[in-house]
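As a plain string of letters, each chain reads:
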Amino acid sequence: MISELLSVSTPLALPAVSLAIAVYVALTIKRAFFSPLSTIPGPFLNKLSNLPLRYHTMTGSYHAYTTQLHIKYGEVVRIGADFISLSNTSDTRLVLATHGFRKGPIYTTGLLLEENSFATTNPELNKVRRRQIGDAYAFHTLRAVEDLVVDAGANSLIKVWDAALAEQGDKARINYFYSFHRASFDVVGALGFGQSFNILQTGNTEVIDHMQNSIHLKVLSSLLPFIWSIPVLFKEKKKSTKAIVQLIRDTIDMRKKLVSETGKPPRIDVLQKMVDAKDPVTGEILGNESLISEIFLMLIAGTDTTSNTLSWVMMQLMHYPEVYRRVTEEIRTTFPDTSQTISFNEARSKLPYLSAVIHETMRINPSVGGFLPRCVPAEGATIQGHHIPAGTQICITITACQHNPQMWKNPEVFDPERFLGPDVTERLKDVLTFSSGVRVCIGRNLAWVELYTVLANVLRRYDFELPENAPYGPHKLSDKGVPAEIPGESFIVTSPVNPKDNCWVKISHAKA
Ligand code: HEM
């Protein structure tokens, strides 16, 4: 029977396959050279295929690759057969301004949980979610929980680093990447799980390990949506995702039980605001599965983003000793009383040079450097005179915008002076680190509270220096003649590579 089928199908299969190949080649040539995108500059291979783009996305080099393409080809570049990238901030802001350019399909491919505010490509769902959970991240909520942020963040770092000094002597070697990473998980624990995970102080990284496995699973599920669901594959990663979901479920149940037993919440925090979340327009509440997905998202979106920003600040301060000297002098002279914690408001309003250092770090090392595609609407779009047809995806490339030499003089130089003086507000419009428009980062207020309170308090308390054999520092210059940065790898969030070797400093108590 099978041989009969084969003998019948073989003479038919050959012309069918040849025809399919011919159609594919014709369509590829049409798309590459005769579509409206054909006038957009970019490497030849990228006009034919999305493979180079996929390769750079999967290997964590998207941000560096596209930034280089923009330097070579200009502000609008064809980075794939149907993908373009922009490096002009105004063009980028225009795309981000409305829901007209929806998030690309990659955001919802292979979702492990219900759609959440970040992943959804549906503008209506996003609007409802932002109204429901917006209050959890509003400044007035965060001001009320600032003590929790400071306890789990700055104070906990100080406890652990003081203990390291007590053990190691006048100077202690600490890994700033791991310290900041653990602290950011503890902060999210304190706000979203009812208590700090205490990772920094106990060294128990189980939650971080589970989250990292879950993020790998998410990446695999979006790239290989059919393979990942086969039960025998990726067992450990699936177990980790289950463990985190169970932890969130138990946390929510416990909080609801407490409230029903005592008639009031034990405290107002992000968890409570999410449990109580209600759309002020429609009155719709957040169902349990949506709540789990939003808290899961908080663990992903609210940890590495902030901790990597802290790590990049520390790296830049160690590479530019004069900036380090100036920022510590500002903090120590403005707040000499070391028995008082420097609050968020105090730091933000009285430390302009620290603000400039943070803004400049966010410009030069934006912690979200990955692939953030948006779909061109049915009517198409016109950007810098190019007609971009529907079906094209426009990638938001924050790193390329912030390294664009048309917009930033000597973009590779770390220079906080850019953010001092009367035109700071204007300049800040070109910093897209938290994105912009309708899908702008909803957690940015929390990030600011954590960044200011950690940096102001630890830079006042400790002197930092690089160890003698540090692989990166002022001694190691790039081809641009400035200190070479620790390279970053970007799987949406850009982290320093190999932090185990690259992110050490020596600390000592600051001289009074
Ligand atoms: C320095 C720290 C942070 C940076 C640089 C950052 C950056 C960003 C960026 C660039 C986006 C847009 C992503 C896209 O278009 O796909 C975004 C969205 C988002 N961020 Fe952040 N983020 C930070 C901290 C946080 C924190 C602390 C939270 C919450 C705890 C958070 C929650 C979110 C959420 C929920 C969205 C999705 C918003 C939407 O699509 O409507 N982020 N963030």
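Residues numbered from 1 in each chain as written. Predicted model: local features only at pLDDT ≥ 70, side-chain atom pairs only at ≥ 80, totals over all residues. Heavy atoms only, no water.

1. A word on the overall build of the chain
Test applied: Runs of H or I in DSSP of at least four residues are treated as helices and runs of E of at least two as strands, each being numbered from the N terminus. Computation of the radius of gyration draws on C-alpha atoms, with the globule rule given as 2.2 Å multiplied by the number of residues to the power 0.38. Relative accessibility thresholds used throughout: buried, under 20% of the residue-type maximum; exposed, over 50%; partly exposed, between the two (1.4 Å probe, protein chains only). Residue contacts follow a heavy-atom distance rule, with two residues in contact if any of their heavy atoms lie within 4.5 Å. Neither His nor the chain termini are counted; the positive set is Lys and Arg, and the negative set is Asp and Glu. Charge placement uses NZ in Lys and CZ in Arg. For Asp and Glu, CG and CD serve respectively.
Check the secondary structure of the chain and you find 22 helices and 11 strands. Relative to the compact-globule value of 24 Å for 512 residues, the chain shows a C-alpha radius of gyration of 25 Å, a close match. Principal axes of the C-alpha set define a box for the chain whose edges measure 85 × 60 × 45 Å. The burial tally for the chain puts 52% of its 512 residues in the buried class. Looking at the chain alone, contacts between residues at least 24 apart form 73% of all its contacts between residues at least 6 apart. Side chains of the chain give 52 positive and 49 negative charges; the mean places of these two sets differ by 4 Å.

2. Quick word on the UniProt feature "binding site: heme" (unreviewed entry) in the chain
Selection rule: UniProt positions are given in the numbering used here, feature names are shortened, and annotations may be inferred rather than shown by experiment.
UniProt annotation of "binding site: heme" (unreviewed entry) refers to C441 when read in the numbering used here. Under the relative-accessibility criterion, C441 is labelled partly exposed at 28%. If we skip the residues at most four places from it in the chain, C441 touches R130 and F434.

3. Comments concerning the sheet that holds strand β1 (residues 76-80)
Two orientations exist for strands paired in a sheet by backbone hydrogen bonds: parallel and antiparallel. Condition: In short, DSSP must find at least two bridges between two strands for them to pair. Under this scheme, a helix contributes an axis fitted over its contacting stretch, all axes are lines through C-alpha atoms, and angles between N-to-C directions fall in the 0 to 180 degree range.
Strand order in the open sheet made by the four strands is β1-β2-β7-β4, with mixed pairing throughout. A single partner strand is all that each edge strand has here, and the edge strands are β1 and β4 (372-375). If you compare each strand with its neighbour and ignore which way they point, the axes differ by 35° on average. In terms of strand pairing, β4 meets strand β7 (residues 393-396) through four bridges, oriented antiparallel. Directly across from C375, in β7, lies its bridge partner Q393. Helix α4 (residues 62-73) contacts β1, β2 (83-86) and β7 of the sheet and is inclined by roughly 135° relative to β1.

4. Comments concerning the packing of aromatic side chains
Heads up, the condition is: When the centres of two rings from Phe, Tyr and Trp lie within 6.5 Å, Trp using its six-membered ring, the rings pair. Their planes under 30 degrees apart give stacked, over 60 give edge-to-face, and anything left gives tilted.
Within the structure shown, the criterion is met by 16 aromatic pairs. Both rings, one in F177 and one in Y178, keep their centres 5.3 Å apart while their planes meet at 80°; by these two values the pair is edge-to-face. On the accessibility criterion, F177 (10% relative accessible area) is buried. Taken together, a centroid distance of 6.0 Å and an interplanar angle of 45° make the contact between W408 and F419 tilted. With W408 in the loop between α19 (398-402) and α20 (424-428) and F419 in the loop between α19 and α20, this pair connects stretches of sequence that are 11 residues apart. Grouping residues by exposure puts W408 and F419 together as buried.

5. What to know about helix α21 (residues 444-461)
The condition that has to hold: Multiply 1.5 Å by the residue count of a helix minus one, and that product is the helix's expected span.
Taking 1.5 Å per residue, 18 residues should reach 26 Å; α21 reaches 26 Å between its end C-alpha atoms and fits that length. Summarising burial for α21: 16 of the 18 residues are buried, a large majority.

6. What about the site of the ligand?
Cut-off, in case you're wondering: Proximity criterion: a residue is near a molecule or strand once any of its heavy atoms comes within 4 Å of it. In protein, a polar contact requires one atom able to donate a hydrogen and another able to accept it; more generally it is a pair of N or O atoms within 3.5 Å, and residues adjacent in sequence count only if both atoms are side-chain atoms. Any residue that is not Ala, Val, Leu, Ile, Met, Phe, Trp, Tyr, Cys, Pro, Asp, Glu, Lys or Arg is counted as polar, Gly included; the first ten are nonpolar and the last four charged.
Looking at the ligand, there are 29 residues lining it, with Y107, R130, R374, R439 and C441 nearest. In this structure, N126 approaches the ligand through a side-chain N or O atom, which is 2.9 Å from an oxygen atom. Take R130: an N or O atom from its side chain is 2.6 Å from an oxygen atom of the ligand. Classifying every residue of the shell around the ligand by side-chain character gives 15 nonpolar, 10 polar and four charged.

7. Digging into helix α8 (residues 146-168)
Selection criterion: Note that the bend at a residue is defined as the angle between axes fitted to the seven residues ending at it and the seven residues starting at it.
Here α8 spans 31 Å end to end across 23 residues, near enough to the 33 Å set by a 1.5 Å rise per residue. The largest bend along α8 reaches roughly 35° and is located at N155. If you check which residues of α8 are buried, you get E146, V149, V150, A152, G153, A154, S156, L157, I158, W161, A164 and L165. Following α8 by one or two positions, G169 adopts a phi angle in the positive range, close to 110°.

8. Notes on the side chain of S117
Structurally, the position occupied by S117 is in the loop between α5 (89-97) and α6 (123-133). The contacts of S117, once residues within four sequence positions are left out, are N126, R129, I133, E294, L297 and R439.

9. Here we look at the packing of helix α18 (residues 352-364) against α21
Using the following cut-off: Just so you know how the angles are binned, under 35 degrees is roughly parallel, over 145 roughly antiparallel, 65 to 115 roughly perpendicular, and the rest oblique. Note on convention: the crossing is left-handed when the near helix lies turned anticlockwise from the far helix by less than a right angle, right-handed when the turn is clockwise.
Contact geometry of α18 with α21 gives a least axis separation of 11 Å together with a crossing angle of 125°. In terms of orientation, α18 lies oblique with respect to α21. Viewed along their axes, α18 and α21 form a crossing whose handedness is right-handed. Contacts between α18 and α21 pair L354, S355, I358, H359 and M362 from the former with W448, L451, Y452, L455, A456 and L459 from the latter. In the contact of α18 with α21, the residues fall into nine nonpolar, two polar and no charged.

10. Notes on the nonpolar core
Quick note on the threshold: The definition of a nonpolar core used throughout is a set of buried Ala, Val, Leu, Ile, Met, Phe, Trp, Tyr and Cys residues joined through side-chain atoms within 4.5 Å.
One finds W161, L191, L317, L354, L459, F464 and I507 to be the most contacted residues of the largest nonpolar core, which totals 98 residues. The element best represented in this core is α21, accounting for 11 residues. Leaving out residues up to four positions away in the same chain, L191 has contacts with L142, V145, L148, V149, D269, V270, L271, M298 and L446. Judged by nonpolar contacts, the second largest core, of 20 residues, contains L37, I40, A381 and I388.

11. Considering the pattern of salt bridges
Quick note on the threshold: Salt bridge, as used here, is a side-chain nitrogen of Lys or Arg placed within 4 Å of a carboxyl oxygen of Asp or Glu.
Taken as a whole and assessed by the stated rule, the structure comprises 23 salt bridges. Among the salt bridges present, the one from K239 reaches E236, with a minimum N-O distance of 3.5 Å. Taken as a pair, K239 and E236 lie in helix α12 (residues 235-262) at a separation of three residues, close to a single helical turn. In this structure, K239 and E236 share a single accessibility class: exposed. Note that K511 and D463 form a salt bridge whose closest N and O atoms lie 3.7 Å from each other. Separated by 48 residues along the polypeptide, K511 in the segment after β11 (504-509) and D463 in strand β8 (residues 462-465) bring together distant segments of the chain. The network of salt bridges with shared partners includes R93, R427 and D430.

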